[in-house]
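Chain by chain, the residues run as shown.
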Amino acid sequence: MDLVTLEQYSFTVTFTAYMVASILYFIYLAHKNDNIARLATLATALGFVANTAFMLLRWKISGNAPFTNGYEFLLSFTWGIAAVYLYAEWRYKFRILGAFVIPVAWLLLAWIAIKMPEEARRAENLMPALQSNWLTYHVATAMVSYGAFALSFGTSIVY
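The following refers to the structure shown.

Definitions and limits used
- Residues numbered from 1 in each chain as written.
- Predicted model: local features only at pLDDT ≥ 70, side-chain atom pairs only at ≥ 80, totals over all residues.
- Heavy atoms only, no water.
- Helix = DSSP H or I, 4+ residues; strand = E, 2+ residues; numbered from the N terminus.
- Buried < 20%, exposed > 50% of the residue type's maximum accessible area, 1.4 Å probe, protein only.
- Contact = heavy atoms within 4.5 Å.
- Axes fitted to C-alpha atoms, helices over the stretch in contact; angles between N-to-C directions.
- Parallel < 35°, antiparallel > 145°, perpendicular 65-115°, else oblique.
- Left-handed = near helix turned anticlockwise from the far one by under 90°.
- Nonpolar A, V, L, I, M, F, W, Y, C, P; charged D, E, K, R; others polar.
- Salt bridge = Lys/Arg side-chain N within 4 Å of Asp/Glu carboxyl O.

### What to know about the overall build of the protein chain
What the protein chain contains, in helices and strands, is 6 helices and 0 strands. If you list the helices and strands of the protein chain from N to C, you get α-α-α-α-α-α. In the protein chain, which comprises 159 residues, the proportion classed as buried is 43%. Taking the intrachain contacts of the protein chain between residues at least 6 apart in sequence as the baseline, contacts between residues at least 24 apart amount to 76%.

### A word on the packing of helix H1 (residues 3-31) against helix H2 (residues 34-62)
Running from amino to carboxyl end, H1 crosses H2 at an angle of 160°, the nearest separation of the two axes being 7 Å. Considered as vectors, H1 and H2 are oriented roughly antiparallel to each other. Our pair here, H1 against H2, has a crossing hand that is left-handed. Of the residues belonging to the contact of H1 with H2, the class tally is 24 nonpolar, 6 polar and 4 charged.

### Remarks on the environment of Pro-66
Relative to the helices and strands, Pro-66 resides in the loop between H2 and helix H3 (70-92). Owing to a relative accessible area of 1%, Pro-66 belongs among the buried residues under this scheme. With 12 residues separating them along the chain, Pro-66 and Phe-54 place their C-alpha atoms 9.3 Å apart. Excluding residues within four positions of it along the chain, Pro-66 makes contact with Met-55, Arg-58, Trp-59, Glu-72, Phe-73 and Ser-76.

### Things to note about the pattern of salt bridges
Following the criterion strictly, the structure yields 3 salt bridges and no others. Residue Arg-58 pairs with Glu-72 through a salt bridge whose shortest N-O separation is 2.8 Å. You can see Arg-58 sitting in helix H2 and its partner Glu-72 sitting in helix H3, a full 14 residues away along the chain. The class for Glu-72 is buried, based on a relative accessible area of 2%. Among the salt bridges present, the one from Arg-95 reaches Glu-89, with a minimum N-O distance of 3.0 Å.

Below is the structure:
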C-alpha cells in the first residue's frame, strides 16, 4: 500500500471518528450518560490519532510541513481543534463542550470532502515565498490558536 492510499484512509478514519464523536457528544448532552461521554472521548482521541497520522503522511509525501495550501491548513486546523479540546477535557473534566467543539472539526472535514478539488490535495513544489521555515512556525501556532478559538466558541455557546 502506498503513502497516498494511507493518507486517504487516515482522512476517512478522521472524518468518521469526528462524526461519531459529534453524535455521541450530542447524545451525552441529552442523556448525561457518562459511558456515552467516554465513548465520545475515545472516538475523538481516535480521530486525533488518525488526523496526526494524516499530517505525518502528508509531510512525508510533500516533503514539507502540511501547511502550504488551504486543504492542508484546514486539516491542520481540525487537528488543533481536537488537540485543544482533548487537553481541556482532560484538564477540566467538562465533557459537554464536546457537543459544541468537535462538530466544528467534523464540519470542516465535511467541507474539505465536498468542496476541495482533487488538484488542491496534490503535493506540489512550493513557491519561493513559502519555502521559509517561518511558515511552519506561523501555521503551527495559528492552528493551535484557532483550536483555542473553537474551544472558546463552544464554551460561549454552552454559557
